[in-house]
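Reading the structure
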Amino acid sequence: MTTELLAPLDLAFWHLESPDHPMHLGALAVFGAAPDGIGDEAPLDLLATRAAAVPRLRMRVRDVLLPVGGAAWSVDKDFDVRRHVRRLELPPGDFAEQTARLAGELMERPLERGIPPWEMYVLTGAGRPAGEGSFAVLVKLHHALADGMRAVAIGTGIFDQIADARAAGTRRARPAPPRSWLPGPWQVADMAKGRLGELGRALGIGASVVRASRLDPRGTPALTAGSSGTRQLATAVLTLEDVRQVRKAHGGTVNDVLLATVAGALRRWMLERGEQLPDRDPRSDPRALVPVSGRRPSRARQGAGSGGGSGSGNVLSAYLLGLPVSEPDPLSRLTAVRRAMDRNKKDGPSRGAGAVAVLAGQLHPLAHRLGAPLAGSAARILFDVLVTSVPLPRATLSFGGCPLREIYPMAPLARGQSLAVGLTTYGGRVHVGLVADGKAVPDLGGLAKNMNEELDELLRATAPTEAAPATPAERPEPAPAMPAEPAEATVTAEPAEAAVTAEPAVAVGADLAG
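Now for a description of the structure that goes with this document. Quick caveat, the model's predicted, so the values are computed rather than measured. (Residues numbered from 1 in each chain as written. Predicted model: local features only at pLDDT ≥ 70, side-chain atom pairs only at ≥ 80, totals over all residues. Heavy atoms only, no water.)

The next subject is the environment of Leu259. Mapping Leu259 onto the fold places it in helix α8 (residues 254-272). Residues Leu259 and Arg338, spaced 79 residues apart in sequence, show a C-alpha to C-alpha distance of 9.0 Å. (Helix = DSSP H or I, 4+ residues; strand = E, 2+ residues; numbered from the N terminus.)

Okay, structure coming up:
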């Protein structure tokens, strides 16, 4: 397929973007040195070769006459992978700090329009060839191009294990048949019936959104701010076994424990900043938007590996969750999170106010084009912070023989908000990527530190004599602050793209919903 209309939600992400609010997803992967070392340009050449082999990465967005206000994906006939893949040498200094600083600067910049909306960078130490010591790869994909599940299927294609399986060609992906933009006569009645059903659902979701909207649009002061257009990164590393130990003792899911850890870390951070905590009223607590994917893993692989096809757009909804920062007891915070998520799951991701993404899918393309500025400004009346999880294959991953050591997901900031939290599990650790407005949150490193301290507190509260937190020697050393679900996946041979399976299906991550 060479042309495919953007799905309504893809179109919304495309038009929500502004110079100060780029709508791309990101990931920062840190690799160790290869056992025998590799050449200076080898990582760049390898990255270019593997990215060029992904058909989805050859697609660009162009406007169309019909439907009015719509746009379509089409193959870029002048595609040149070297316009998207670059190598940058870091200035002298600590590798982790310099990588973070440069990654923050690169994440500030919107992707170029008119060409396929993605970029990848190889970041190497000053005066040191990639492969001789650690190096990093930064990936940027526009949210219109991929939701979290699809981004994983695309992004993991650079790893040796996925690329080798693809090259083996054990399975052939069948090309999706072209879709006509005009319905046939036998489709009209079914379409009319379907649209009536969608309209009823949209009205129900719209009512939920209105009920959940806050009369005070200021939200939580610590998490809302006018945009400066700058980005800052910070990271933390949690021990997955510690998270599972808390879950085993208190029930719920690993994701409930992670969400409670985020809530506790925010509470600590707000107190350190001298922020006034909300009253002991759950309605005054900051709200998190927790994305949920409606995509099955096989559909993610198919869409990523083809040039398009049905189901290749964003397929997601979300839950709204009050983060109980007003609650001083860590176990009470965990209980509050678990109960709230249980209620969300009982209602389903397409029924509550968090299903605003589903509502967006019912709108005409012209509404997205004209209403994007208003919709972007309305985010703060619904939620204060995005908390999302990205699933990875559980296999040990490498790039050009260099082992993957750390990987941090990065989510975009909604207009008027200053913080987004991304989590992913790899190698027995939970990697936390924090993205913040650089001027609104100059102390982002403190929040990263508090993630570890809050998990330690949960462990102490769980079993003071039997489950003490790991000693500094036992605990993985957290990645330094960066200035400026348990469901795990398996890898299978998929020639067109990375074959990633995960349960529950997640979006910009979202196994936080599971």
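Applying the stated criterion across every chain yields a total of 16 salt bridges. Its salt-bridge partner being Arg56, residue Glu4 comes within 3.3 Å of it at the nearest N-O pair. Of this pair, Glu4 sits in strand β1 (residues 3-5) while Arg56 sits in the loop between α2 (42-52) and β3 (59-63); the two residues are 52 residues apart in sequence, bridging distant segments of the chain. The burial state of Glu4 is the same as that of Arg56; both residues are buried. (Salt bridge = Lys/Arg side-chain N within 4 Å of Asp/Glu carboxyl O. Buried < 20%, exposed > 50% of the residue type's maximum accessible area, 1.4 Å probe, protein only.)

Here we take up a nonpolar patch on the surface. On the surface, Leu65, Leu66 and Val68 cluster together into a nonpolar patch covering about 350 Å² of accessible area. The residue Leu65 is located in the loop between β3 and β4 (71-75) in this model. When its relative accessible area of 78% is taken as the criterion, Leu65 is described as exposed. (Patch = residues over 30% accessible without salt bridge, like charges linked within 9 Å, V, L, I, M, F, W, Y side chains within 5 Å. Areas by Shrake-Rupley, 256 points an atom, 1.4 Å probe, with all protein chains shown as cover.)

Here the focus is the sheet that holds strand β7 (residues 135-142). Within the open sheet, the 6 strands sit side by side as β5-β6-β7-β2-β13-β12. Their pairing is mixed. Across the chains shown, the open sheet's two edge strands, defined by having one partner strand only, are β5 (85-89) and β12 (398-399). Sitting on the sheet, helix α3 (residues 95-108) is in contact with β2 (24-31), β5, β6 (118-124), β7 and β13 (402-410), with an inclination near 20° to β7. (Pairing = 2+ DSSP bridges. Contact = heavy atoms within 4.5 Å. Axes fitted to C-alpha atoms, helices over the stretch in contact; angles between N-to-C directions.)

Attention now moves to the packing of aromatic side chains. Counted by the stated rule, this structure contains 4 aromatic pairs. Where Phe31 meets Phe135, the ring centres are 5.4 Å apart and the plane angle is 20°; that geometry is what we call stacked. Of this pair, Phe31 sits in strand β2 while Phe135 sits in strand β7; the two residues are 104 residues apart in sequence, bridging distant segments of the chain. Of the two residues examined, Phe31 and Phe135, each falls in the buried class. Relative to Phe399, the ring of Phe135 has its centre 6.3 Å away and its plane inclined at 55°; by these criteria the two rings are tilted. Here Phe135, found in strand β7, pairs with Phe399, found in strand β12; they are 264 residues apart in sequence, far enough to count as distant. (Phe/Tyr/Trp six-rings, centres within 6.5 Å; stacked < 30°, edge-to-face > 60°.)

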